[in-house]
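Each chain, letter by letter, is given below.
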2 protein chains.
Amino acid sequence: MSTRKISDSMVRRLSGYLRQLRFLAAEGRRVVSSQELADEAATTAAQVRKDLSQFGSFGQRGRGYPVVPLRDELVRILGLRRPWRACVVGAGRLGTALLGYEDFGKRGFEIVAAFDVDPELIGKEVEGIPVLSIEDLESEIRTRGIELAVLTVPHGPARRIADRLAEAGVRGILNFTPTRLRARPGVSIRGMDIAVELEGLSYRIVTGGEPGGNGA
Amino acid sequence: MSTRKISDSMVRRLSGYLRQLRFLAAEGRRVVSSQELADEAATTAAQVRKDLSQFGSFGQRGRGYPVVPLRDELVRILGLRRPWRACVVGAGRLGTALLGYEDFGKRGFEIVAAFDVDPELIGKEVEGIPVLSIEDLESEIRTRGIELAVLTVPHGPARRIADRLAEAGVRGILNFTPTRLRARPGVSIRGMDIAVELEGLSYRIVTGGEPGGNGA
DNA sequence: TTGTATTCGTGACTCATTTCACAAGGACCC
DNA sequence: GGGTCCTTGTGAAATGAGTCACGAATACAA
Ligand SMILES: NC(=O)c1ccc[n+]([C@@H]2O[C@H](COP(=O)([O-])OP(=O)(O)OC[C@H]3O[C@@H](n4cnc5c(N)ncnc54)[C@H](O)[C@@H]3O)[C@@H](O)[C@H]2O)c1
Ligand SMILES: NC(=O)c1ccc[n+]([C@@H]2O[C@H](COP(=O)([O-])OP(=O)(O)OC[C@H]3O[C@@H](n4cnc5c(N)ncnc54)[C@H](O)[C@@H]3O)[C@@H](O)[C@H]2O)c1
């Protein structure tokens, strides 16, 4: 346990271990080896051990890692002990799909509201989640204790809304728009750009690159 | 120009530069400095120059990089000279949202078909794109010359369908399911897992990590 | 209890990526 | 045509990530 700085790619791997551990826990498995964890997370056994050893000694030599305690430890490390309260901004095609995504809840993220400008949508419920007016963004975020936002509005208003979210005290934004958001102190931002991923595929294919598996 | 091996994170940055260059080209800008490119792609000027120098000398000292030629060069490097023919497998909530995503075309990816099991959907068109039976997956992929697939089916059938896609000759899969797909020779796979990104946000927030901007 | 087979934890090493610093090359003004 | 800015291109240095090998600890069988 040497408490190095935790890199982004390592956090990504921890997520992968956690996913696998949840699955194993549901199956009733008691212990799992670094090798098995590595296979599912597309890495090596040594890497798994090194990653986990950053936080303490959870394994038992000769046996492996106890599934449930290790899962709970990762939940703690990743900050998922209690669910995060989140909203979706932009209840369009993509936003609506996300509102119906049941895995959010299972993974510790609770979507408590959506926001939109469209008067047709405001006041309705989509997948059981209320669509609120974008005008009330700041007040609703405060009263409902919303900490995270998923941004699925068009390019035009994206920057402005991100600023308003930051201003209203949101701690993190998951950005699905192709707009690059300005970093704001106190607000973490992560972008999911489909085109970037597709272009990555394209590059690998034309350069004859086999290496199939990065993410899932 | 030293022709090192191109890393994954570098390809990601190249995508970022390309996005910005497309935007600047549309605005009519003639030249751009490494500094400006760096600001938008959340990196440093030196990094931009080093990245680009892998492929040749495109810049003019004292002036910067000519926007349109550099854009075209990146298009070539990333393998985007002609559009890729793609399909969406699983025309559910997420799949439907993706079928309506107009930016695909602009970025060089043409969605020519969707596949599903649901008899209600098969034969219909969604957003102008025909929904075909999953039973005809192999034959349709061959006759329509489909090269890429976006996978948006439930967890259950995901692995099996990925195998069928690989068998049918698809060159790349963009996987939105939480299922980890087995790497297959000749098929590049890239996963987009929302939960992984949200967990990354969660981690950064609880550890007090400011560093706002990775992706968009 | 002893021996053998496992599997973790970890320091040393290797390899990859990023940053730094600056010379080289061109633009532009006078 | 000479001087002055700028900004690129690039080796060298610094930093960081991932791999290896092996000792320590444990399980289990005989
Ligand atoms: N559709 C996809 O599959 C997809 C995939 C990846 C990324 N994206 C990105 O996600 C974003 C949304 O895409 P979409 O296809 O869902 O578009 P959409 O037009 O279907 O939905 C956008 C929604 O945002 C709302 N909106 C517009 N301005 C707003 C404002 N100022 N405040 C609040 N809400 C506002 C609209 O009323 C609409 O409901 C776009 O930036 C797009 O590039 C979409
Ligand atoms: N909804 C989201 O916002 C979201 C976000 C991220 C990831 N995902 C993932 O994307 C996948 C789809 O999610 P969804 O919400 O769109 O689910 P959905 O149930 O709305 O859609 C799934 C579609 O796949 C079709 N399907 C089922 N079995 C099939 C088969 N064997 N062959 C072809 N088609 C088949 C179904 O008929 C349905 O139309 C899931 O794996 C989910 O975890 C969804």
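Note that the structure is a prediction, hence the values are computed from the model and not measured. (Residues numbered from 1 in each chain as written. Chains lettered and ligands numbered in written order. Predicted model: local features only at pLDDT ≥ 70, side-chain atom pairs only at ≥ 80, totals over all residues. Heavy atoms only, no water.)

S.K.: I keep staring at the relation of the copies chain B and chain A and nothing clicks. Help me out?
M.R.: Least-squares fitting of chain B to chain A yields an RMSD of 0.2 Å, with the transformation described by 0.0 Å of translation along the axis and a rotation of 179 degrees. Such a combination of turn and shift is consistent with a two-fold rotation axis. Residue by residue, 99% of the interface of chain B is reproduced at the interface of chain A, so both copies engage with the same surface. (Least-squares fit on C-alpha atoms with pLDDT ≥ 70 in both. Contact = heavy atoms within 4.5 Å.)

S.K.: What is the right way to look at empty space enclosed by the protein in this model?
M.R.: The rolling of a water-molecule-sized probe over the atoms marks out the regions of remaining empty space. In this structure the tally under the stated criterion is 2 cavities of 30 Å³ or more. Each pocket or cavity is described by its volume, and for the largest cavity that value is around 60 Å³. Lining the largest cavity are R159(A), A162(A), D163(A), A166(A), I173(A), L181(A), R182(A), R184(A), V187(A) and I189(A). In this structure, the second largest cavity occupies an estimated 40 Å³ of space. Lining the second largest cavity, in full, are L94(A), L98(A), F176(A), I194(A), L94(B), L98(B), F176(B) and I194(B). Among the elements of the structure, α5 (93-99) of chain A together with α5 (93-99) of chain B are those that each provide at least two residues to the lining of the second largest cavity. Grouping the constituent residues of the lining of the second largest cavity by class yields 8 nonpolar, no polar and no charged. (1 Å grid on protein atoms, 1.4 Å probe; cavity = no way out; pocket = protein on both sides within 12 Å on 5 of 7 lines; lining within 4 Å. Points joined across faces, edges and corners; volume = space filled by probe spheres on them. Helix = DSSP H or I, 4+ residues; strand = E, 2+ residues; numbered from the N terminus. Nonpolar A, V, L, I, M, F, W, Y, C, P; charged D, E, K, R; others polar.)

S.K.: Even after reading the chapter, I still don't get the packing of aromatic side chains, so can you show me in this structure?
M.R.: Two aromatic rings are characterised by how far apart their centres lie and by the angle between their planes. With the rule as written, the count across this model stands at 2 aromatic pairs over all chains. The interplanar angle of 75 degrees and the centroid separation of 5.3 Å between the aromatic rings of Y101(A) and F104(A) together place this pair among those described as edge-to-face. (Phe/Tyr/Trp six-rings, centres within 6.5 Å; stacked < 30°, edge-to-face > 60°.)

S.K.: Quick question: what am I supposed to make of the protein's contact with DNA strand C here?
M.R.: By nearness alone, 27 residues border DNA strand C, and M1(A), S34(A), Y65(A), S7(B) and R61(B) come closest of all. Within the contact set of DNA strand C, a base oxygen lies 3.5 Å away from a side-chain nitrogen or oxygen of K50(B). Within the side chain of Q60(B), an N or O atom sits 3.5 Å from a phosphate oxygen of DNA strand C. Of all the secondary-structure elements, those providing two or more residues to the surface near DNA strand C are α3 (45-53) of chain A together with α1 (8-27) and α3 (45-53) of chain B. Broken down by class, the residue content of the surface near DNA strand C amounts to 3 nonpolar, 14 polar and 10 charged. (Near = heavy atom within 4 Å. Polar contact = N/O pair within 3.5 Å; in protein donor to acceptor, adjacent residues only side chain to side chain.)

S.K.: Quick question: what am I supposed to make of the environment of A45(A) here?
M.R.: Residue and element names in this part refer to chain A. Note that A45 resides in helix α3. Measuring from C-alpha to C-alpha, the distance between A45 and I189 comes to 31 Å, with 144 residues separating the pair along the chain. Ignoring anything within four residues of it in the chain, the contact list for A45 reads S34, Q35 and A38.

S.K.: Help me understand the packing of α1(B) against helix α4 (residues 67-77) of chain B in this model?
M.R.: Helix packing geometry: the angle between the two helix axes and the distance between the axes. All names here are of chain B. In contact at an axis separation of 9 Å, α1 and α4 are set at 140 degrees when each is read in the N-to-C sense. The pairing of α1 with α4 is recorded here as oblique in orientation. In this structure, the crossing between α1 and α4 has a hand that is left-handed. Side by side, α1 and α4 meet where L14, Y17, L18, L21, R22, L24 and A25 of the first sit next to V67, V68, L70, R71, L74, V75 and I77 of the second. (Axes fitted to C-alpha atoms, helices over the stretch in contact; angles between N-to-C directions. Parallel < 35°, antiparallel > 145°, perpendicular 65-115°, else oblique. Left-handed = near helix turned anticlockwise from the far one by under 90°.)

S.K.: Help me understand unusual backbone geometry in this model?
M.R.: Negative phi is the rule for most residues except glycine; trans is the rule for most peptide bonds. Non-glycine residue E127(A) carries a positive phi angle of around 55 degrees. Here E127(A) shows up in the loop between β5 (125-126) and β6 (129-133).

S.K.: Any chance you could explain the site of ligand 1 here in plain terms?
M.R.: Among the 22 residues in the neighbourhood of ligand 1, the closest are listed as R93(A), L94(A), D116(A), V153(A) and A97(B). The environment around ligand 1 is built from residues contributed by chains A and B. Between an oxygen atom of ligand 1 and a side-chain N or O atom of D116(A), the distance comes to 2.5 Å. Across the complex, the protein chains shield 84% of the 820 Å² of accessible surface that ligand 1 would expose by itself. The pocket occupied by ligand 1, as judged from atoms lying within 2 Å of grid points, is the second largest pocket. (Areas by Shrake-Rupley, 256 points an atom, 1.4 Å probe, with all protein chains shown as cover. Sits in = over half its atoms within 2 Å of the grid points.)

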